[in-house]
Amino acid sequence: MNQIFNQIGFYPADILLPKDCDMAKWAVVACDQFTSEPEYWQAVEEQVGRAPSALRLILPEAQLKDPNVEASIAEINRTMRQYLDDGLFRTLEESLVYVERRQSDGRIRHGLVGMIDLDTYDFTPGSGALIRATEGTVLDRIPPRAKVRRNAPIELPHVMLLIDNPERTVIEPLTAASDTMEKLYDFDLMQSGGHIAAFRLSAQQSDAVGEALLELTDEAVMAQKYGVHGAAPLLFAVGDGNHSLATAKACYEEKKKELGEEATKNLPCRYALVEVVNNHDDALQFEPIHRVLFNVDPEHLLAEFRKAYPHAHEGEGEGHTIGVVYEGYAGAITVPDPVMQLAVGTLQSFLDRYLKEFGGEVDYIHGEAVTRELGAKHGNMGFLLPAMGKEQLFKTVMADGVLPRKTFSMGHAQDKRYYIESRKIVE
């Protein structure tokens, strides 16, 4: 393998793909989508039936609080081993995979599947790692995911990493060359997920990708983009799947403590499979992630909000404007003198304090219509947030560390990554 990959923390991987399967039933959307819509996952269950499917290898977060969740996790791990023993997969050795995803809006998003070295990733705010989280990591969201990964022989990624490549030198050259590659799959995704096709890079194409990625870490290039000198290079920013990648890191660190650094240096669990997307891809749109609260008194919450922000007023205006929905009400509230950079920071810092003091639960919702529908139910409350411009992402992470958690989402829920590729994480 070209040693250039050691400098960027991103590598070709031994990628597993299902063979002789109905791919439309195999591929299912990321487990952290539709968490407040169990009917979505029921429809997926009915569509998959008894066919081999990634659905059998993941735990939808809508089911995290089910009473039999421990048994479900054990069944997931058992099915993973069964699929391996049955020879369900073929292995693409030391490969990078170029992906073209037609989204629900008809646009084509371009990606590159490979693996990252978890030693080059850090979700600690202010980290100088090559691969960094873009938002605050909620540590108590890691243990449930770790229960699935800890005894899993394979991983299926929904992690998407972003690169800041306005010159389009890394992924975009593959688009023109896709007709020279081996086509791996080409099919429609279930549940309005659009269409997806994938192609295997040649060794020469993989090396060219590595060289183009390395150029993005050049100090002069970084200084020109971000106006900083001598800063640690930021090559990849986590766009989707932050907590799943943090879980992979946590499980790897567990192994290091158990076996020692030297013994874990060459273990498969040191790496994690991801898809890389250019932040400047025309199909990539940043969508806000809204909040829905459950088991709260909306009037009491708003009164406390005004105590926290004495100049806040009803309606839209200058400052941070946040939509508000609850039973019998739909409007907005504006904080005219915010100290946070983004409206999501203004809201989230308040919600963290409020929920800790007065109780209630929060869910993070992709989509305005669902937020309005859920927020309008008795005892619930919805908050609608504005979108963040994607050009702000890398500059903000370089300057401020991380954004408030759940600041943005890359597209609608049905446009998230579907589980298709996988990789062994045990020898």
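See the structure printed just above.
Residues numbered from 1 in each chain as written. Predicted model: local features only at pLDDT ≥ 70, side-chain atom pairs only at ≥ 80, totals over all residues. Heavy atoms only, no water.

Caption draft 1: Summary view of the packing of helix α11 (residues 298-308) against helix α12 (residues 343-358). The N-to-C vectors of α11 and α12 enclose an angle of 125°; their axes lie 11 Å apart at closest approach. In this view, α11 runs oblique relative to α12, as classed from their interaxial angle. α11 and α12 meet at a crossing whose hand is right-handed. Contact residues: α11 offers His300, Leu301, Glu304, Phe305 and Ala308, while α12 offers Leu347, Phe350, Leu351, Arg353, Tyr354 and Phe358. (Axes fitted to C-alpha atoms, helices over the stretch in contact; angles between N-to-C directions. Helix = DSSP H or I, 4+ residues; strand = E, 2+ residues; numbered from the N terminus. Parallel < 35°, antiparallel > 145°, perpendicular 65-115°, else oblique. Left-handed = near helix turned anticlockwise from the far one by under 90°. Contact = heavy atoms within 4.5 Å.)

Caption draft 2: Region of interest: unusual backbone geometry. Despite not being glycine, Glu94 has its phi angle at roughly 40°, a positive value. Considering the arrangement of structural elements, one finds Glu94 in strand β4 (residues 89-95). Unusually for a residue other than glycine, Ser192 sits at a positive phi of about 60°. Position of Ser192 relative to the elements: it lies in the loop between β11 (182-188) and β12 (195-200).

Caption draft 3: Looking closely at helix α3 (residues 38-48). All buried positions along α3 are accounted for by Tyr40, Trp41, Val44 and Val48. Summarising the axial view, the buried residues of α3 lie within an arc of 90°, below the 170-degree limit, and thus occupy one face. Facing away from the buried surface of α3 by more than 90 degrees, the exposed residues are Pro38, Glu39 and Glu46. Those residues of α3 that are buried lie in contact with α2 (23-26), β3 (28-29) and β22 (418-419). Phi turns positive one or two residues past the end of α3, at Gly49, with a value near 60°. (Buried < 20%, exposed > 50% of the residue type's maximum accessible area, 1.4 Å probe, protein only. Arc of directions from axis to C-beta.)

Caption draft 4: Local environment of the packing of helix α5 (residues 142-150) against helix α9 (residues 242-259). Closest axis-to-axis distance for the α5/α9 pair is 9 Å, and the angle between their directions is 65°. Here α5 runs over α9; the crossing is right-handed. Across from Ile142, Arg145, Ala146, Arg149 and Arg150 in α5, the residues of α9 making contact are His243, Ser244, Ala246, Thr247, Ala248, Ala250, Cys251 and Glu254. A per-class count over the contact of α5 with α9 returns 6 nonpolar, 3 polar and 4 charged. (Nonpolar A, V, L, I, M, F, W, Y, C, P; charged D, E, K, R; others polar.)

Caption draft 5: View of the pattern of salt bridges. Enumeration over the complete set of coordinates arrives at 25 salt bridges. Note that Glu45 and Arg56 form a salt bridge whose closest N and O atoms lie 2.8 Å from each other. Here Glu45 is found in helix α3, whereas its partner Arg56 is found in the loop between α3 and α4 (69-85), with 11 residues between them in sequence. Through salt bridges with shared partners, one network takes in Asp117, Asp119, Lys249, Glu253, Lys256 and Arg270. (Salt bridge = Lys/Arg side-chain N within 4 Å of Asp/Glu carboxyl O.)

Caption draft 6: Up close: the side chain of His110. Here His110 lies in strand β6 (residues 108-117). Classification of His110 as buried rests on a relative accessible area of 17%. Beyond its immediate stretch of four places on either side in the chain, His110 contacts Tyr98, Val99, Glu100, Ile171, Thr175, Val276, Val277 and Asp281.

Caption draft 7: Highlighting the environment of Tyr309. Structurally, Tyr309 can be placed in the loop between α11 and β16 (313-314). When its relative accessible area of 14% is taken as the criterion, Tyr309 is described as buried. Remark: the alpha-carbon pair of Tyr309 and Thr334, spanning 25 residues in sequence, is separated by 9.5 Å. When near neighbours in sequence (up to four residues on either side) are disregarded, Tyr309 contacts Val335, Thr346, Ser349, Phe350 and Arg353. Only 2.7 Å separates the side chain of Tyr309 from the backbone oxygen of Thr346, close enough to count as a polar contact. (Polar contact = N/O pair within 3.5 Å; in protein donor to acceptor, adjacent residues only side chain to side chain.)

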